[in-house]
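The chain contents come next:
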Amino acid sequence: MPLLPAARSRVRPVSALSTLPRQLASALWLVAVVAVTMALACPLQAADGPDVVPEVEGPADVILHGGKVVTVDEKFTIAEAVALKGDRILAVGTTAELQQHKGDGTKLIDLEGRTVLPGLIDSHVHSTGASMYEFDHPVPDMQTIGDVLAYIRGRVEASEDGDWIVISQVFITRLRDRRFPNRRELDSVAPKNPVVFRTGPDAALNSLALKESGIDRDFKMPEGSKGYIERDPKTGEPNGILRSCGGLIKYGRRPQKKSTTEDRVERLRLLFADYNKVGLTSVADRAAGDGGIALYQALKDENQLTCRVYLYYSIGAGGSLESIEERVKKATSNPLHQYSNQLWLRGVKIFLDGGMLTGSAYMKKPWGVSSIYSITDPEYRGLLYVEPEKLANICHLVLSNGLQMTAHSVGDGAVETLARAYEQVNRELPVRPLRPCITHCNFMSEDAIALMKKLGIVADLQPAWLFLDGSTLQKQFGTERLTYFQPYRTLFDEGVVVGGGSDHMQKIGGVRSINPYNPFLGMWTTLTRQPRWTDDPLHPEQRISREQAIRLYTINNAWLTFEEKQKGSLEPGKLADLVVLQQDILTCPVDEVKDIQVHETWLGGKVVYSAGESP
């Protein structure tokens, strides 16, 4: 009998009801569903919960008027002015209508015809790590294998023999060579230093790194490992490519500048200031650890948190269900699990498959032998880290504890596996109110989209990947196999709620970052579907309108985090988060959308970025 989590261990098969007589099971199922729904609803209905929209009264503190205010309400209404009171929106309408809200102390700001959007939201960042990426030294942009080798050569010169040289997240899909640097090339520039070229879950190692890690022709993968070592098909020697088995690498000395907590907090503050510069007022951290959460809390305590943060707690899915349950308990007992519009721990994330940028995403059909990804096995389909039955139990455990579930799922095989796990949970616990999520969701299918529509599954996608990686993906898979690659038009038509994000991992800078977090580049990508280095768009039938592109980064992302009544549109009672643009996103030539500049960014009724002023 599947009792509530508080009454019995949460670690059990989701099919437990099947052992009961049908009538008794049905009755108990109904009782359990009602109880779970009430238990899950209570925290969200608290006085300061996301469903409570305060009434805002009195004269306005600020009235911004004489512009084009894009409300992103249900009708996508365009207004002229918006009035703010405290941290909330008081009224929206014409300039004349809002005069009634003017008081003796009201500040009037002439927009001079500028366009205003709701504060923009990024559904997927890793801010605490990204902000520290260049703390030790600047890392140049690398577009070729030659650039990679030149960087390694420079690090060798700055290091001693035996020091480990590590490069992170220079994706092979973004190198013009479209391949990993090979073992011989890495040896040529670093014969006396172990080198690791890390990209997502996969890596390329030179001979010395392989040797010091004990990986040779006779090496056997540990029992139960999901990883994969690429080998020369003739000799059996490792060619240096390790897929999803970074734990095998036995890193040695890596001299680098040590950071203090104060350094990490300051770097995070600087990154958030740059988020504000491109119009971001909210972000979702999709792999938050305890240390990173402490940094967000420090900024909040210092009143320096200039982006609202929604947290997905990171959980390793490789352990036992009991250990995963302990991690879930740690999330639900954290004070940040109580709603706050500044910092809220509401989700959980695991990793289900590898990556498309590195050649390990779990696909329904084989990847195919590939010089791009160094794949030699014609039957290789990528890597699935969690078996379906265990996955369903993890999903049930997370959702039944009032947390939003998501999993890194890139390949169409992984996307369908996760959707079917949610379907299995739904037989006992209705999942639609819980908004289970799929993270990345790049390669999709008709079946997956149908399940998402049926169950209310949401997703966060990274449009800029289509721009940056589409050319390489076309070369690998061909155009037909990419029919449902980031199918925005189909998703909107089917009513599946998806949000736009970046998966920002390294560097500060809206476009120079890995991955770029400038939301206007993301919007432009959904409008054009134009991969770089190509002449033709990728499945132009999946383009969306400017209204829909804006919704991706506003109200849709608010829905993904259960906050559509608090933000995501400019409506009375909602948070006064807004962005004033230098250009009109609704009328400018489409190719100028990616270059739109922000004039001002407001968070809770206060300016957190103004063009021409340093952060």
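Above this note sits the structure.
To keep things clear, this report deals only with the structure shown in the data block. (Residues numbered from 1 in each chain as written. Predicted model: local features only at pLDDT ≥ 70, side-chain atom pairs only at ≥ 80, totals over all residues. Heavy atoms only, no water.)

As a further point, take the overall build of the protein chain. Of regular secondary structure, the protein chain possesses 16 helices and 23 strands. A compact globule built from 615 residues should have a C-alpha radius of gyration of about 25 Å, and the protein chain, at 25 Å, falls within 12% of that. In the protein chain, which comprises 615 residues, the proportion classed as buried is 59%. For the protein chain, contacts bridging at least 24 residues in sequence account for 72% of all contacts bridging at least 6. Total accessible area on the protein chain is roughly 24,300 Å²; 50% of this is exposed by carbon and sulfur atoms. Taking the average place of the 70 positive charges on the side chains of the protein chain and the average place of its 75 negative ones, the gap between the two points comes to 4 Å. (Helix = DSSP H or I, 4+ residues; strand = E, 2+ residues; numbered from the N terminus. Rg over C-alpha atoms; globule rule 2.2 N^0.38 Å. Buried < 20%, exposed > 50% of the residue type's maximum accessible area, 1.4 Å probe, protein only. Contact = heavy atoms within 4.5 Å. Areas by Shrake-Rupley, 256 points an atom, 1.4 Å probe, with all protein chains shown as cover. Lys, Arg positive; Asp, Glu negative; His and termini not counted. Charge placed at Lys NZ, Arg CZ, Asp CG, Glu CD.)

What follows covers the pairing of strand β11 (residues 202–205). Across the two faces of β11 the burial is the same, with Asp202 and Ala204 and Ala203 and Leu205 all buried. When strand β10 (residues 195–199) meets β11, the two strands line up antiparallel, connected through 4 bridges. By the bridge assignment, Phe197 is partnered in β11 with Ala204. Where β10 folds back on β11, the antiparallel hairpin that results is connected by 2 residues, among which Gly200 adopts a positive phi of roughly 65°. Note that β11 and strand β13 (residues 238–243) share 3 bridges and pair antiparallel. Its bridge partner being in β13, Ala204 is matched across the sheet by Ile241. (Pairing = 2+ DSSP bridges.)

Moving on to the sheet that holds strand β4 (residues 81–85). On the basis of which strands lie adjacent, the open sheet formed by 4 strands has the order β5-β4-β1-β6 and mixed pairing. Bordering the open sheet on either side are β5 (88–93) and β6 (107–110), each of which pairs with just one other strand. Between one strand and the next, the sheet's axes are offset by a mean angle of 20°, whatever the strand orientation. (Axes fitted to C-alpha atoms, helices over the stretch in contact; angles between N-to-C directions.)

Pairing of strand β2 (residues 68–70) with strand β7 (residues 115–118), which is carried by 2 bridges, proceeds in the parallel orientation. Counted as the bridge partner of Val69 is Val116 from β7. Relative to strand β21 (residues 578–581), β7 runs antiparallel, the two sharing 3 bridges. Counterpart to Val116 in the pairing with β21 is Val580.

Tracing the chain through its elements places Ser445 in the loop between β18 (437–440) and α11 (446–455). Residue class for Ser445 comes out buried when judged on its relative accessible area of 9%. Separated by 33 residues in sequence, Ser445 and Asp412 place their C-alpha atoms 6.7 Å apart. With residues up to four places along the chain from it excluded, the contact list for Ser445 reads Lys364, Glu416 and Tyr484. Within the local environment of Ser445, its side chain forms a polar contact with the side chain of Glu416, the two groups lying 2.6 Å apart. (Polar contact = N/O pair within 3.5 Å; in protein donor to acceptor, adjacent residues only side chain to side chain.)

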